[in-house]
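Commentary on secondary and tertiary structure
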Amino acid sequence: MADNVTSLFRSATAHSPSMAALARESDGTGPVDFCIPCNPYFPTPAMMDTMAARLRDIITYYPSSADTITAELCNLLQLPPQAVAMGNGSTELITWIDHLLVRESLAVPVPTFGRWTDQPMETGKRVDMFPLQESSGFSLDLTQYAEFIRARGTRVAVICNPNNPDGGFLHKHALVQFMDAMADLDLIIIDESFLEFADAEAEPSVVQEAMMRPNVIVLRSLGKNFGLHGIRFGYMVANPSLAGRVRSMLPKWNLNAFAEYVVFMLKEHGQEYAQSLQQVRRDRLDMASQLSSLPGLTVYPSQGNFLFVRLPVGAEGTVVRDRMLTEHRILVRECGNKIGSSSRFLRLVVRPQVDVRRLMSGLEQVLYGTRRGAAVPELSSGTSYSSGTAAVDRLVSATNGGGMPGLAAQALGTGMPGGLTAAAAAGTGMPTPMSAPMQMPAPVPMPAPAPVPMPAAMQMPAAMTAQSYGSAGSQSYAGAGSQSYGGPATQMQQMPQMPQMPMQQQPQPVPQPQIPQPQMQQPPIPQQPQPQQMVPPQQPTPSGVPARNGLTAAQVRGTTGPGLAPAPATGWPAAQSWPNAAGMGQAG
């Protein structure tokens, strides 16, 4: 039975198996779920009883049209229906956004939600992957991301805020500056699927800005917030033209009767919903504190309803996952099949304290061999990856996260290492990694070393404006935006500041006398890999030590960047109120 259960993970590529599949292979009941990130406190038991009493009517009759359900949701969130499109889950909307609005290329930081890389690759788009660095706590530096997009010539940019799986957070003002600087792109997508669990900022959503801009879409989830993944409903917010294009392609009855029933009952339960979010935030802090007490385990700061952790040295994620499931009936998310991650990392969903105590007991036994079993071994293969994404990650590293044209076609091939066909390998072998620097001749340092951007990114903590969440502050970002991206004239005055920052930072971790060496000895081929060998010693964070800048579990929430006012504490809404589209405050 245990072998049948664990085999489900080997057959799943980008995602974990469903709870229904796990229940069928066991005794009919699912394990304690630390894998699927949904709200454990909503709906309330009374709401579930009400839905159960109406079950026959809900599943017997047709629902109302999508327009009717959307209008009710918009009335609740105080959004204009013309700017909203509801989908049968956010993945349906991601699919249509890709088909309708992504023409040739898409940039996305990795690791992130798998559909943002998989969906455009499946339709033959070029996916330019921007690697988030472990040394900076997986934070996203928007300035460097924007420069990367300009260098690659990407036409669509994706940002998940908070990011999945690490929970990294970007402040609203930084995202607005990014939108201004990249106003000429075909599309900017801000995925706010987990934003309602954030408390680092009172009003973090950019839905209002999206409705006023011609090229911005904000994606929101309802299943995660309301603890109802099985209903499959989410929505996007954009200007009426963009929202209308997507809405026109959706079936008239693409939303089911459960979705309708929940949307119409929400207006009576705004207070319970707000309290559930507040409880998740408190649980997140407590859970992070307990996990950080485990020797060798690193907990990264998160504003989602999950925590990203790095296992101690010697622990391999697939073994931990399987033993936690078979020995302790606990399901955890091992992240080896996420591009940009490895099986050294787990994503653990925030749950009530009674479940966290059970998690802690299981981890102690599996990781350290206390009372049962032995310490977790390392994989004998010598790689920290547990799935076929290792080849893709190496490809991303070789091209500086640039992605490659036709990557989806390569993934379908067989007979070559990493699943590439001979034709694909011939077309994307050495010439392609070499072509990445050739496409960026303007910056002088770029043509010579492909791996140099990695050490540069590792210096981000010196310029990070929100050390826990990686947002680019107004002082550090405006200058780069004006010079690199043709920003407004008001930003042009700050141009001299930002271009100098990366130039001054790059020589620090890579001593200048060593950089010219590969250039002076370029004729001998064996000298070229030397710059790459300088990176790994700096890249890993020491075991048991939080990411650079002193990020600890106690600093999971509430940190802000230099020059910003301290993040206000999120208060409980008054009775009969409902959170607005950002999940905070009152909608009126």
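About the cut-offs
For every chain, the first residue of the written sequence is number 1, and numbering continues from 1 along that sequence. Totals for whole chains, interfaces and linings use all residues, but because this is a predicted model, local features are given only for residues with pLDDT of at least 70 and pairs of side-chain atoms are given and counted only at 80 or more. Hydrogens and water are ignored here; the side-chain numbers use all heavy atoms of the structure. The helix and strand labels rest on DSSP assignments: H or I over at least four residues marks a helix, E over at least two residues marks a strand, and numbering proceeds from the N terminus. The classification of residues rests on relative accessible area computed with a 1.4 Å probe and restricted to protein chains. Under 20% of the type maximum is buried, over 50% is exposed, and intermediate values are partly exposed. The contact criterion used is simple: two residues touch if any of their non-hydrogen atoms lie within 4.5 Å. The Shrake-Rupley method, run with a 1.4 Å probe, gives the accessible areas here. Residue values count only the displayed protein chains as cover. Stacked, edge-to-face and tilted labels apply to pairs of Phe, Tyr and Trp rings (six-membered ring for Trp) whose centres lie within 6.5 Å, assigned for plane angles under 30 degrees, over 60, and everything in between, in that order. Note on geometry: axes are C-alpha line fits, over the in-contact stretch for helices, and angles between N-to-C directions span 0 to 180 degrees. For classification, angles of less than 35 degrees are called roughly parallel, those exceeding 145 degrees roughly antiparallel, those between 65 and 115 degrees roughly perpendicular, and all remaining angles oblique. Here a crossing is called left-handed whenever its near helix is offset anticlockwise from the far helix by less than a right angle, and right-handed whenever the offset is clockwise. Residue polarity is assigned by list, with Asp, Glu, Lys and Arg as charged and Ala, Val, Leu, Ile, Met, Phe, Trp, Tyr, Cys and Pro as nonpolar; anything else, Gly included, falls into the polar class. In this scheme, strands are said to pair when DSSP sees at least two bridges between them. Nonpolar cores were defined as sets of buried Ala, Val, Leu, Ile, Met, Phe, Trp, Tyr and Cys residues, with membership established by side-chain atoms within 4.5 Å. Polar contacts, as counted here, are pairs of nitrogen or oxygen atoms within 3.5 Å of one another; within protein the pair requires one atom able to donate a hydrogen and one able to accept it, and residues that are adjacent in sequence qualify only if both atoms are side-chain atoms. A carboxyl oxygen of Asp or Glu within 4 Å of a side-chain nitrogen of Lys or Arg is what we treat as a salt bridge. By definition, pLDDT measures how confident the predictor is in each residue, and it falls between 0 and 100. Here a helix's expected span is defined as the number of its residues, less one, multiplied by 1.5 Å.

**A few points about the overall build of the chain**
For the chain, the helix and strand inventory stands at 26 helices and 12 strands. For the chain, with 588 residues in total, the buried portion stands at 56%. Considering only contacts in the chain between residues 6 or more positions apart, those separated by 24 or more positions represent 75%. As presented, the chain carries roughly 23,700 Å² of accessible surface, and 57% of it is formed by carbon and sulfur atoms.

**Describing the packing of aromatic side chains**
Enumeration over the complete set of coordinates arrives at 14 aromatic pairs. Aromatic side chains Phe138 and Phe345 sit 5.5 Å apart centroid to centroid with 90° between the ring planes, which places their arrangement in the edge-to-face category. In this pair, Phe138 is assigned in the loop between strand S4 (126-131) and helix H8 (142-152) and Phe345 in strand S12 (residues 345-349), connecting sequence segments 207 residues apart. The two residues Phe138 and Phe345 agree in class, both being buried.

**Describing the packing of helix H6 (residues 90-101) against helix H7 (residues 115-122)**
Contact geometry of H6 with H7 gives a least axis separation of 10 Å together with a crossing angle of 40°. Relative to H7, the element H6 is oriented oblique. Considering only the axes of H6 and H7, their crossing is right-handed. Note on element contacts: H7 touches H6 through Arg115, Trp116, Gln119 and Pro120, opposite Thr91, Ile94, Thr95, Asp98 and His99. Split by residue class, the contact of H6 with H7 holds 3 nonpolar, 4 polar and 2 charged.

**Some remarks on the sheet that holds strand S9 (residues 298-299)**
In space, the 5 strands of this open sheet follow the order S1-S11-S12-S10-S9, with mixed pairing throughout. Every interior strand has two partners, whereas the edge strands, strand S1 (32-34) and S9, have only one. Of the pairings in the sheet, the one linking strand S10 (residues 306-310) to S12 comprises 5 bridges and is antiparallel in character. Looking across to S12, one finds that Phe306 is bridged to Val349. Here helix H14 (residues 270-291) sits on the sheet in contact with S1, S9, S10 and S12, set at roughly 15° to S10.

**Structural notes on the nonpolar core**
Residues Tyr145, Phe178, Leu291 and Leu359 are the most contacted members of the largest nonpolar core, which totals 92 residues. Not counting chain neighbours up to four residues away, the residues in contact with Leu359 comprise Phe34, Met287, Leu291, Met324, Ile330, Val332 and Leu348. Counting 28 residues, the second largest nonpolar core, distinct from the first, contains Trp116, Cys160, Leu250 and Ile339.

**Focus: the side chain of Lys125**
Relative to the helices and strands, Lys125 resides in the loop between H7 and S4. A distance of 2.9 Å separates the side chain of Lys125 from the side chain of Asp98, its partner in a polar contact. Looking at Lys125, its side chain comes within polar contact range of the side chain of Thr123, at 3.4 Å. Not counting residues within four places of it along the chain, the set of residues in contact with Lys125 comprises Asp98, Val102, Arg103, Glu104 and Pro120.

**Some words on the pairing of strand S6 (residues 187-191)**
The element S6 is extensively covered by neighbouring structure, given that 5 of its 5 residues are classed as buried. Burial along S6 is two-sided: Leu187, Ile189 and Asp191 facing one way and Ile188 and Ile190 facing the other are all buried. Alignment of S6 against strand S7 (residues 216-221), held across 4 bridges, turns out to be parallel. The residue bridging Ile189 from the neighbouring strand is Ile217, located in S7.

**Section: the pattern of salt bridges**
Here the structure, examined in full by the defined rule, presents 19 salt bridges. Among the salt bridges present, the one from Arg126 reaches Asp128, with a minimum N-O distance of 2.7 Å. As a salt-bridge pair, Asp322 and Arg321 come within 3.0 Å of each other at their nearest N and O atoms. Here the salt bridges share partners, and the residues they tie into one network are Arg103, Arg155 and Asp186.

**Regarding the confidence of the model for the chain**
Averaged over all residues, the pLDDT of the chain equals 72, while 58% of them reach at least 70. This stretch, residues 378-588, has a pLDDT under 50; its non-local contacts, to residues over four places away or in other chains, come to 378 contacts.

**Here we look at H8**
With 8 of 11 residues buried, H8 lies mostly within the body of the structure. Three or more residues of H8 are buried, namely Leu142, Thr143, Gln144, Tyr145, Ala146, Phe148, Ile149 and Arg152. Of the residues flanking the start of H8, the one acting as N-cap is Asp141, its side-chain oxygen 2.9 Å from the backbone nitrogen of Thr143. In the stretch just after H8, Gly153 is the one whose phi turns positive, near 75°.

**Here we look at the packing of H8 against helix H9 (residues 172-181)**
Running from N to C, H8 and H9 point in directions that differ by 20°, and their axes come no closer than 11 Å. Here H9 runs roughly parallel to H8, going by the angle between their axes. Judged by the sense of rotation from one axis to the other, the crossing of H8 with H9 is right-handed. For the pair formed by H8 and H9, the contact residues are Leu142, Tyr145, Ala146, Ile149 and Arg150 on the first element and Ala174, Leu175, Phe178 and Ala181 on the second.

**Comments concerning the pairing of S7**
Across the 6 residues of S7, 6 count as buried, placing the element largely inside the fold. The alternating pattern of S7 places Val216, Val218 and Arg220 and Ile217, Leu219 and Ser221 on opposite faces, both of which are buried. Two elements, S7 and strand S8 (residues 234-237), share 4 bridges in a ladder whose sense is antiparallel. Bridge pairing in S8 places Val218 opposite Val237.

**Notes on helix H15 (residues 317-328)**
Residue pairs spaced three or four apart in an α-helix point in one direction, given the helix's 3.6 residues per turn. Under the 1.5 Å per step criterion, the end-to-end length of H15 is 15 Å for 12 residues, consistent within 8% with the ideal 16 Å. Burial analysis of H15 places 9 of its 12 residues in the buried class, which makes it a mostly covered element. When we look at burial in H15, the residues that qualify are Gly317, Thr318, Val320, Arg321, Asp322, Arg323, Met324, Leu325 and His328. Positive phi shows up at Arg329, right after H15, with a value of about 55°.

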